[in-house]
Amino acid sequence: MRKLALHWWILIGMALGVGAGLLALQLGRVVVVATSPTSFVELDFPGMVLRYVAPFGDLFMNLLRMIAVPLVLFSLVAGVASLNDTAKVKRIGTRTIVLYLLTTAVAISIGLVVVNLIGPGRDLSGDFVDRLRERFQSSAQQKIASTAQVSIIQQLIDVVPKNPFEALARGEMLQVVFFALMLGIALTRLDAMRAGHAVRVFEILSDAVIEIVHLIMKIAPFGVFALIAKVVADMGQDGSVGPLFRALGWYIVSVVLALVLHAALVYTALLKFMTKMPLMRFFRGMVPAQLLAFSSSSSGATLPVTMRCAEKNVGVDEEVSGFVLPLGATINMDGTGLYQGVAAVFIANVYKHDLGFQQQLEIVLTATLASIGTAAVPGVGLVMLIIVLQQIGVDPMGIGLIMGVDRPLDMCRTVLNITGDATVATVVAAKEGMLHDPTGDDGDEERDDPGEAAP
Ligand code: ASP
């Protein structure tokens, strides 16, 4: 029998996770009478999912996070050093950053066009808005307090770590990226004979970490099952999700539609006109990473798999992916920027705050900068939205209106975030003549499996 490719197993895991979460919600709390009416036990099924199933998801996430920092360090140093040509590093670096900034600005603009056309939030009843605000007031306040110290200028200054080892220990990705770049560039400037040994060590370490990715991917279907079951059980627990989704339906539609449009228009055009690669190879090849991004809501945790898919399935040379993708996971967040644009207009609509052209332009600028500073972990896009709202003079407490539906939208925007990184990596590789045909043919099922694993 033909071996099922990993992405099918992950999909099965996701479907079973949704099923298990829904079943637990359906069963709810059941009282089981044991031997006599006085001896009974209460079975809280959603609670059981959170207690006994969710830890497997956390374990899986920890495994992915465990390798993200070493992978970025080793592969970036090895990638930059083996480019072995400062001019080439500069060219690739400039192209990458320009493409990252442009795609994010375009993504936000698409979000703004869609949300202005659909106009969600204008007809929300005042009662409903008050109830939402009250319910999420304290969480919104907490998030606003946590951003009080975050200024964009400070974030730019903080790109340079005072102590790179502290940055590694704390998992400060942007700082790790900066240090790895410097180390890689420095190695290219040393005597090639001497530096060669160090570069080789970094290359071997990076291969070893990728081997760990293989192993972790073997349990991905189980990890994804647990992550999704937890999200479903958690969200459905207080029974308010259905009405919330209905009331915020047009807002959700605006975000999702704009995300799909951005992928369908911008990524497709970039890949079609700037590379010679078949579109299907790209989109099929990235499926495992996209599924993982969706389940985990973390482009940082997904990074090892994004790199693996881009290299093995799409054919991006390791030297390019080792440089472009870690940088992208940290500074390029098309989905997050787009979502911030849509959310800002939605909140302004609810507050009957008319945003003029200039303010919408400010959204594009601020959300582009904010998405650079957004950490690649779940829910941070919502926190950075506060900065965007403050910039355009809309009450940041408005984030309370959308908090209840943030997780599913986070899952969707994270998929776009990693797809955007991989698109830019593919384009940059093509421009450098470093995009290979990974299959030799047009690909078979097993090929798009970064771990070549099936449970
Ligand atoms: N979860 C997103 C990511 O990791 C960031 C965000 O939008 O909250 O890419």
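Above this text sits the structure in question.
Residues numbered from 1 in each chain as written. Predicted model: local features only at pLDDT ≥ 70, side-chain atom pairs only at ≥ 80, totals over all residues. Heavy atoms only, no water.

Trainee: Could you give an account of helix α13 (residues 287-296), naming the residues involved and the relevant values?
Mentor: Across the ten residues that make up α13, a large majority, eight, are buried. Following α13 by one or two positions, S297 adopts a phi angle in the positive range, close to 55°. (Buried < 20%, exposed > 50% of the residue type's maximum accessible area, 1.4 Å probe, protein only. Helix = DSSP H or I, 4+ residues; strand = E, 2+ residues; numbered from the N terminus.)

Trainee: Which residues make up the environment of I418, and what values do they have?
Mentor: Secondary-structure assignment places I418 in helix α20 (residues 406-431). Sequence separation between I418 and G400 is 18 residues, and the spatial gap between their C-alpha atoms is 27 Å. Those residues in contact with I418 that sit more than four places away from it in its chain are A289, Q290, A293, S299, T302 and T306. (Contact = heavy atoms within 4.5 Å.)

Trainee: Describe in detail the site of the ligand, supporting the description with residues and values.
Mentor: Every one of the 16 residues lining the ligand counts as a neighbour, but S299, T336, G381, D410 and R413 are closest to it. One of the side-chain nitrogen or oxygen atoms of N417 is found 2.8 Å away from an oxygen atom of the ligand. For the ligand, whose free accessible area comes to 270 Å², the fraction covered by protein is 100%. Given that more than half its atoms are within 2 Å of the pocket grid, the ligand belongs to the largest cavity. The element contributing the most residues to the shell around the ligand is α20, with four residues. Of the residues belonging to the shell around the ligand, the class tally is six nonpolar, eight polar and two charged. (Near = heavy atom within 4 Å. Polar contact = N/O pair within 3.5 Å; in protein donor to acceptor, adjacent residues only side chain to side chain. Areas by Shrake-Rupley, 256 points an atom, 1.4 Å probe, with all protein chains shown as cover. 1 Å grid on protein atoms, 1.4 Å probe; cavity = no way out; pocket = protein on both sides within 12 Å on 5 of 7 lines; lining within 4 Å. Sits in = over half its atoms within 2 Å of the grid points. Nonpolar A, V, L, I, M, F, W, Y, C, P; charged D, E, K, R; others polar.)

Trainee: Go over the nonpolar core, please, and point to the residues and values.
Mentor: Ranked by internal contacts, the top residues of the largest apolar core, which has 138 residues, are L248, Y251, V324, I363, L385 and I402. Looking at which element gives the most residues to this core, the answer is helix α2 (residues 45-83), with 16 residues. (Core = buried A, V, L, I, M, F, W, Y, C linked by side-chain atoms within 4.5 Å.)

Trainee: So what's going on with a nonpolar patch on the surface? Which residues, and what values?
Mentor: A cluster of nonpolar side chains, L4, W8, L11, I12 and L16, forms an exposed patch at the surface whose accessible area comes to about 420 Å². Inspection of the secondary structure assignment puts L11 in helix α1 (residues 6-27). (Patch = residues over 30% accessible without salt bridge, like charges linked within 9 Å, V, L, I, M, F, W, Y side chains within 5 Å. Salt bridge = Lys/Arg side-chain N within 4 Å of Asp/Glu carboxyl O.)

Trainee: Please provide a residue-by-residue account of the layout of surface pockets, values included.
Mentor: The gaps of empty space that remain are located by a probe, the size of a water molecule, rolled over the atoms. As a volume, the largest pocket reaches approximately 1,000 Å³. Lining the largest pocket are 44 residues; nearest its centre among them are E172, M173, L174, Q175 and A375. By residue class, the composition of the lining of the largest pocket is 24 nonpolar, 14 polar and six charged. Considering only enclosed or pocket space, the second largest pocket measures out at about 480 Å³ in volume. By residue number, the principal contributor to the lining of the second largest pocket is helix α9 (residues 220-236), which donates five residues. For the lining of the second largest pocket, the per-class residue count stands at ten nonpolar, five polar and nine charged. (Points joined across faces, edges and corners; volume = space filled by probe spheres on them.)

Trainee: Outline empty space enclosed by the protein, listing residues and values.
Mentor: In total, this model carries one cavity of 30 Å³ or more according to the counting rule given. Here the largest cavity is characterised by a volume of approximately 70 Å³. Mapped by element, the contributors of at least two residues to the lining of the largest cavity are α18 (380-391) and α20. In terms of residue class, the lining of the largest cavity is made up of five nonpolar, nine polar and two charged.

Trainee: How would you summarise the packing of aromatic side chains if you had to cite specific residues and measurements?
Mentor: Where two aromatic rings form a pair, the distance of their centres and the angle of their planes describe that pair. As enumerated under the stated definition, the model contains three aromatic pairs in all. Plain terms: the ring middles of F74 and F202 are 6.1 Å apart, the flat faces sit at 50° to each other, and that makes the pair tilted. Of this pair, F74 sits in helix α2 while F202 sits in helix α8 (residues 192-218), and the two are 128 residues apart along the sequence. For the residue pair F74 and F202, the accessibility class agrees, reading buried in each case. Between R413 and the ring centre of Y339, over which it is positioned, the NZ or CZ distance is 3.9 Å. (Phe/Tyr/Trp six-rings, centres within 6.5 Å; stacked < 30°, edge-to-face > 60°. Lys NZ or Arg CZ within 6 Å of the ring centre and 35° of its normal.)

Trainee: Can you tell me about unusual backbone geometry, naming the residues and giving the values?
Mentor: For S297, which is not glycine, the phi torsion reads 55° and is therefore positive. Position of S297 among the secondary structure elements: in the loop between α13 and α14 (299-314). The class for S297 is buried, based on a relative accessible area of 1%.

Trainee: Describe the side chain of D317, naming the residues involved and giving the relevant values.
Mentor: By secondary structure assignment, the location of D317 is in the loop between α14 and α15 (318-331). As a buried residue without a salt bridge, D317 has its nearest oppositely charged side chain in K88, at a separation of 8.0 Å. Among the polar contacts listed, one links the side chain of D317 to the backbone nitrogen of E319, at a separation of 2.9 Å. (Lys, Arg positive; Asp, Glu negative; His and termini not counted.)

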